[in-house]
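Remarks on the overall topology
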Amino acid sequence: MTDKFPALNKNKVVQQLSTHTPLLWHNPQCLSTIEGLQHVGLTLEDVQDAAERLQRFAPLIAEAFPESRARGGIIESDLVEIPAMQQALAQQGPLHGKLWLKKDSHLPISGSIKARGGIYEVLVLAEKLALESGEFSEQDDYRRLLTPHFRQLFGRYKIAVGSTGNLGLSIGIMGATLGFQVIVHMSADAREWKKQRLRDHHVTVVEHQNDYSVAVEQGRQTAADDPYCFFIDDEHSPTLFLGYAVAGLRLPAQLAALGITVDQEHPLYVYLPCGVGGGPGGVAFGLKLAFGDAVRCYFAEPTHSPCMLLGLSTGYHDAISVQDIGLDNHTLADGLAVGRASGFVGRAMQSLIDGCYTLSDQRLSDLQLLLHHTENMSLEPSALAGMQGPLWMGNDPNPSPHAALDHATHLVWATGGSMVPKEEMQRYLAMGNLP
Ligand SMILES: *Cc1c(COP(=O)(O)O)cnc(C)c1O
């Protein structure tokens, strides 16, 4: 099965992963939140600082992106009940508690969870350059950064990034809006329409025939040789991570407004589609800060790309790839087509992630069609990975001792989809089967 890691040939989890067998894995290293938070290397203050920066930029975001004005330039998504979907899923297995959908699929600017991390990192960079120029202060009206003067300043700099699609879309659109020269290295999985959308924004798109890790490495190389080029490192960036984490701090108010209680007797289960890990890792960090032990975070991955489950369960983190155990990293879920997890996120979050599970591409397609059929909602395949979570919990033969599923809130994090072109969506939906 694996020549590079002979010790793993007897590992039960690796055996299941290498044969594409869907599985639920509880993380034996998960600690209490108070203990787990000690290992992250980032704190509540860091996330609050990110939230405040996003607040400072809100007038600029509202000015540049009309679709963000309903929330005053704060990039945030709705939380909605999906009762018809819940009823349909409950036909397939025990589903206790109540099902909710977090619609990051409909976030402004790029229609995916990457509108949190990617855009935030571009804003950090812009603020830093503006402040260093001596012509801007934190008390200024941030809309000034959209004027030709600052666009010219930003135009001297390049931003490079490697992406499976959505991160490039977020960074490309935000970067180009501020005047940066953006170069996006797209992996072979990236959809054509995402590349075209970027070219429409005058972003340079470099296409790669290889997977995500290679695209990232190319981006890193481009930047290394150029002092005016910043590389946004999806595999190692604490800044991206903090941008995602802000979501967690905002959730308590959103749940309270909907009358949803979260405490030990009313646990919150959150299911997060995972690629390299930054998005789900950052959100989970914010959620643990906000809810402590009352929240349980499960990461969802395709059976062909279970890089985080592999890295966490073996302890090898980014030293092992799914290819090392004979998997091909080919999946319909382009946002999750990552063969090697972020070592930074895996190590920072190894004591806070409650578990991971995998599901097949066909299951993703079936869930995509079922959601369309029951709720008339269209998401991209990656975004359905979380939908299997409540069934895994209901069917779990070894539930965690804290499982109080009857009063649970299940929150499926829908990570993308609102910008998928109609014809592309029709093709996706044609792949699914209804029960
Ligand atoms: C990027 C992405 C994810 C996962 O985020 P990572 O930071 O790569 O783990 C999930 N869903 C969609 C739609 C994405 O684009």
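Not measured: the values here are computed from a predicted model.

**Quick look at the overall build of the protein**
- Helix and strand content of the protein: 16 helices and 11 strands.
- Oriented by its inertia axes, the alpha-carbon framework of the protein measures out at about 60 × 50 × 45 Å.
- Scored against the burial criterion, the 435 residues of the protein give a buried share of 60%.
- Pairs at least 24 apart in sequence give 74% of the contacts found in the protein among residues at least 6 apart.
- Element-wise, carbon and sulfur atoms account for 50% of the exposed surface of the protein, whose accessible area totals about 16400 Å².
- The averaged location of the 47 negative side-chain charges in the protein is 3 Å from the averaged location of its 32 positive side-chain charges.

**Observations regarding unusual backbone geometry**
- Not every positive phi belongs to a glycine, and isoleucine 109 is a case in point at roughly 80°.
- Mapped onto the fold, isoleucine 109 is located in the loop between strand 3 (98–103) and helix 5 (114–132).
- A relative accessible area of 5% means that isoleucine 109 is categorised as buried.
- In the Ramachandran plot, asparagine 376 falls in the positive-phi region, its phi being about 55° despite a non-glycine side chain.
- Mapped onto the elements, asparagine 376 comes out in the loop between helix 14 (361–375) and helix 15 (389–395).

**Observations concerning the UniProt feature "modified residue: N6-(pyridoxal phosphate)lysine" (unreviewed entry) in the protein**
- Within this numbering scheme, the UniProt entry marks Lys114 as carrying the feature "modified residue: N6-(pyridoxal phosphate)lysine" (unreviewed entry).
- Overall, the relative accessible area of 15% leaves lysine 114 in the buried class.
- Apart from residues lying up to four places away in sequence, lysine 114 is in contact with Ile119, Asn166, Leu167, Ser170 and Tyr244.

**Notes on the UniProt feature "domain: Tryptophan synthase beta chain-like PALP" (unreviewed entry) in the protein**
- Sites flagged by UniProt as "domain: Tryptophan synthase beta chain-like PALP" (unreviewed entry) map to residues 94–389.
- Measuring from the first to the last C-alpha atom of residues 94–389 gives 12 Å, for a span that is 43% helix and 15% strand.

**Some remarks on the domain arrangement of the protein**
- When the domains of the protein are assigned, the result is domain 1 (6–110 + 239–430) and domain 2 (114–237).
- Each of domain 1 and domain 2 has a C-alpha centre, and the two are 24 Å apart.
- In this assembly, 46 residues from domain 1 lie in contact with 39 residues from domain 2.
- Summed over both sides, the interface of domain 1 with domain 2 buries roughly 3800 Å², with 62% coming from carbon and sulfur.

**A look at the site of the ligand**
- The immediate surroundings of the ligand are formed by 15 residues, with Lys114, Asn166, Gly277, Gly279 and Thr415 found nearest.
- Take glycine 277: an N or O atom from its main chain is 2.7 Å from an oxygen atom of the ligand.
- Glycine 278 has a polar backbone atom sitting 3.2 Å from an oxygen atom of the ligand.
- Protein contact buries 99% of the 370 Å² of open area that the ligand shows by itself.
- Split into classes, the residues belonging to the shell around the ligand amount to 5 nonpolar, 8 polar and 2 charged.

**Considering the nonpolar core**
- Grouped together as the largest cluster of nonpolar side chains are 110 residues, with contacts concentrated most on Phe154 and Phe180.
- No fewer than three residues from each of domain 1 (6–110 + 239–430) and domain 2 (114–237) sit in this core.
- Residues within four places of phenylalanine 154 in sequence aside, it is in contact with Ala126, Leu129, Ala130, Leu145, Leu178, Gly179 and Phe180.
- Of all hydrophobic cores here, the second largest spans 32 residues; its members include Ile82, Met85, Tyr269 and Tyr357.

**Points about the packing of helix 5 against helix 7 (residues 166–178)**
- Remark: helix 5 packs on helix 7, axes separated minimally by 8 Å, with the N-to-C direction vectors making an angle of 35°. Where helix 5 crosses over helix 7, the handedness of that crossing is right-handed. Facing helix 5, whose interface residues are Lys114, Ala115, Gly118, Ile119, Val122, Leu123 and Ala126, helix 7 presents Asn166, Leu167, Ser170, Ile171, Met174, Gly175 and Leu178.
- Counted by class, the contact of helix 5 with helix 7 contains 9 nonpolar, 4 polar and 1 charged residues.

**What about the pairing of strand 10 (residues 355–359)?**
- Across the 5 residues that make up strand 10, a large majority, 5, are buried.
- Judged by which residues are buried, strand 10 turns out to be covered on both faces: Gly355, Tyr357 and Leu359 on one side and Cys356 and Thr358 on the other are all buried.
- In terms of strand pairing, strand 1 (residues 24–26) meets strand 10 through 3 bridges, oriented antiparallel. Following the sheet pairing, histidine 26 is matched in strand 10 by glycine 355.
- Across 5 bridges, the pairing between strand 9 (residues 295–302) and strand 10 is parallel. Residue pairing across strands places phenylalanine 299 opposite cysteine 356, the latter belonging to strand 10.

**Section: the sheet that holds strand 9**
- Strand order in the open sheet formed by 7 strands is 1-10-9-8-11-3-2, and the pairing between neighbours is mixed. Only two strands of the sheet have a single neighbouring strand rather than two, namely strand 1 and strand 2 (79–81). Here the average twist between neighbouring strands, direction ignored, is 25°.
- Pairing between strand 3 and strand 11 (residues 409–414): 6 bridges, direction parallel. Among the inter-strand pairings, leucine 101 is bridged to a residue of strand 11, identified as valine 412.

**Things to note about the pairing of strand 5 (residues 181–186)**
- In terms of residue burial, strand 5 counts as a mostly covered element, since 5 of its 6 residues are buried.
- Sheet topology note: the strand 5/strand 6 (residues 204–207) ladder contains 4 bridges and is parallel. Each bridged residue has a counterpart across the sheet, and for methionine 186 the counterpart in strand 6 is glutamate 207.
- In terms of handedness, the path from strand 5 via helix 8 (residues 192–200) over to strand 6 forms a crossover that is right-handed.

**A word on the state of the cysteines**
- In the structure shown here, the tally under the stated rule is 0 disulfides.
- Here cysteine 274 stays free of any disulfide, with the sulfur of cysteine 307 as its closest cysteine sulfur at 5.6 Å.
- Residue classification places cysteine 274 among the buried positions, given a relative accessible area of 0%.

The rules behind these values
Residues numbered from 1 in each chain as written. Predicted model: local features only at pLDDT ≥ 70, side-chain atom pairs only at ≥ 80, totals over all residues. Heavy atoms only, no water. Helix = DSSP H or I, 4+ residues; strand = E, 2+ residues; numbered from the N terminus. Buried < 20%, exposed > 50% of the residue type's maximum accessible area, 1.4 Å probe, protein only. Contact = heavy atoms within 4.5 Å. Areas by Shrake-Rupley, 256 points an atom, 1.4 Å probe, with all protein chains shown as cover. Lys, Arg positive; Asp, Glu negative; His and termini not counted. Charge placed at Lys NZ, Arg CZ, Asp CG, Glu CD. UniProt positions renumbered as here; feature names shortened; annotations may be inferred. Domains from an automatic or database assignment. Buried area = accessible area lost by both parts, 1.4 Å probe. Near = heavy atom within 4 Å. Polar contact = N/O pair within 3.5 Å; in protein donor to acceptor, adjacent residues only side chain to side chain. Nonpolar A, V, L, I, M, F, W, Y, C, P; charged D, E, K, R; others polar. Core = buried A, V, L, I, M, F, W, Y, C linked by side-chain atoms within 4.5 Å. Axes fitted to C-alpha atoms, helices over the stretch in contact; angles between N-to-C directions. Left-handed = near helix turned anticlockwise from the far one by under 90°. Pairing = 2+ DSSP bridges. Right-handed = clockwise from strand over helix to strand, strands pointing away. Disulfide = S-S within 2.5 Å.

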